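The chain contents come next:
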Amino acid sequence: MIFPLWAQAGFWGLVSGSALLAGAAIGYLLDVPARLIAAIMAFGSGVLISTLSFELMEEAYEGGGFGAAAYGFVGGATVYTLANWLLARHGAKHRKRSGHQQHEERQAVKAGDKPAAAPGDDNGMALAIGALLDGIPESIVIGLSMLAGGAVSLVAVAAIFLSNLPEGLSSAAGMKKAGRSWQYVFGLWAGITLVCGVSSLLGFVVFSHFSPQVIGATTAVAAGAVLAMIADTMIPEAFEVAHNFTGLITVLGFLAAFMLSKLGG
C-alpha cells in the first residue's frame, strides 16, 4: 500500500523528531557523562552544517536563484536570532545546556531577576517555546524536500535525526538538574515530536502549489534559522565541556553527513 505524499511527509517528520524524545529519555533516565554529551552535540552540529551546505542551500539556489537563497538565508537567521534573544530574556537561554545552567536560570526567573513568559510561570513556558523554535525549521525542510521529486531526502532525515538526538539528550539532562518533573520533560518532548511531524506535513501541503522561487526562498529561510540555532545553542554547549576537541568532532560530523549525501546521490 502506497501512502499519499502528505502522509509520507508527516511520517518522516515524526521519524526525525522522535530522536528528540529518544535523546530526552537517555538524558533524563541515565547519568550520561558531560564530556560524552558535549562530543555528541559537536558531532550533531557538524552533521547539520554539512546538510545545510550540500543539501538545503543547494536546493534553495537551484529553485529560487541566488537572490532568493541569500535573502531567505539571512532572513531566517535574523528572525531566529530575534526570537532567541526574546526567549533568553525570559529564561530559555540555556535550554540545550546539560549542566546546572538551566537550574540557575530557573531560579533567576523565580526570584524576579528575569521576566516570566507567562504570569505565575517560571521559565517552563519559555523552554517549551524555545524547543518549538529549534525544531520547526528542521521539520519544514523535510516536507519541502519532497516537493521536487516526490520522494523524501533520506540524507536530510538522517542528518536531522542525528542532530536531534544530542539536542534532546543535553536539554533533558539539564532539565533534570533544574528540578523538572519527568511528566514535564517527557510531555514536552513528546509534544515537540508531534509538532515535528505536523510541521513536515504542512511544509509539503502548504507549499505544494507555490513556485520554485518561493520554495527555494523558504528552504533558505529554514536553513538560515537552523545555522543560527547551531551557532547560538549547540556549539556553545559542546565547547563548554569539550573545549579544544570541539572543532575536530564537529569536522567528523560534517564528514559523516557529506559521505551520506554522496552515497545518497
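Located above this text is the structure these notes cover.
Residues numbered from 1 in each chain as written. Predicted model: local features only at pLDDT ≥ 70, side-chain atom pairs only at ≥ 80, totals over all residues. Heavy atoms only, no water.

The next point concerns the overall build of the chain. Looking only at helices and strands, the chain has eight helices and zero strands in total. Each helix (α) and strand (β) of the chain, taken in turn from the N terminus, gives the series α-α-α-α-α-α-α-α. Per-residue burial over the chain gives 49% buried out of 265 residues. (Helix = DSSP H or I, 4+ residues; strand = E, 2+ residues; numbered from the N terminus. Buried < 20%, exposed > 50% of the residue type's maximum accessible area, 1.4 Å probe, protein only.)

Once that is clear, we can look at the packing of aromatic side chains. Summed over the entire model, instances satisfying the criterion amount to five aromatic pairs. Measuring from ring centre to ring centre gives 5.7 Å for Phe54 and Phe254, while their planes differ by 70°; the resulting arrangement is edge-to-face. Pair noted here: Phe54 is in helix α2 (residues 34-89) and Phe254 is in helix α8 (residues 246-264), with a separation of 200 residues, a long-range link. Residue Phe54 is classed as partly exposed on the basis of its relative accessible area, which comes to 36%. Summarising the aromatic geometry, the rings of Phe207 and Phe210 are spaced 5.4 Å apart at their centres and angled 45° between planes, so their arrangement reads as tilted. Exposure remark for Phe207: the relative accessible area of 17% places this residue in the buried category. By relative accessible area, Phe210 is classed as partly exposed at 42%. Connected via pairs of aromatic rings, a cluster forms that spans Phe54, Phe254 and Phe258. Here the basic side chain of Lys176 rests over the ring of Tyr28, its NZ or CZ set 5.5 Å away from the ring centre. The residue whose ring lies beneath Arg180 is Tyr184, and the NZ or CZ to ring-centre distance is 4.8 Å. (Phe/Tyr/Trp six-rings, centres within 6.5 Å; stacked < 30°, edge-to-face > 60°. Lys NZ or Arg CZ within 6 Å of the ring centre and 35° of its normal.)

With respect to the secondary-structure elements, Ala220 resides in helix α7 (residues 212-242). Setting aside anything within four residues of it in sequence, one finds Ala220 in contact with Met57, Ala60, Ala68, Ala69, Gly72 and Phe73. (Contact = heavy atoms within 4.5 Å.)

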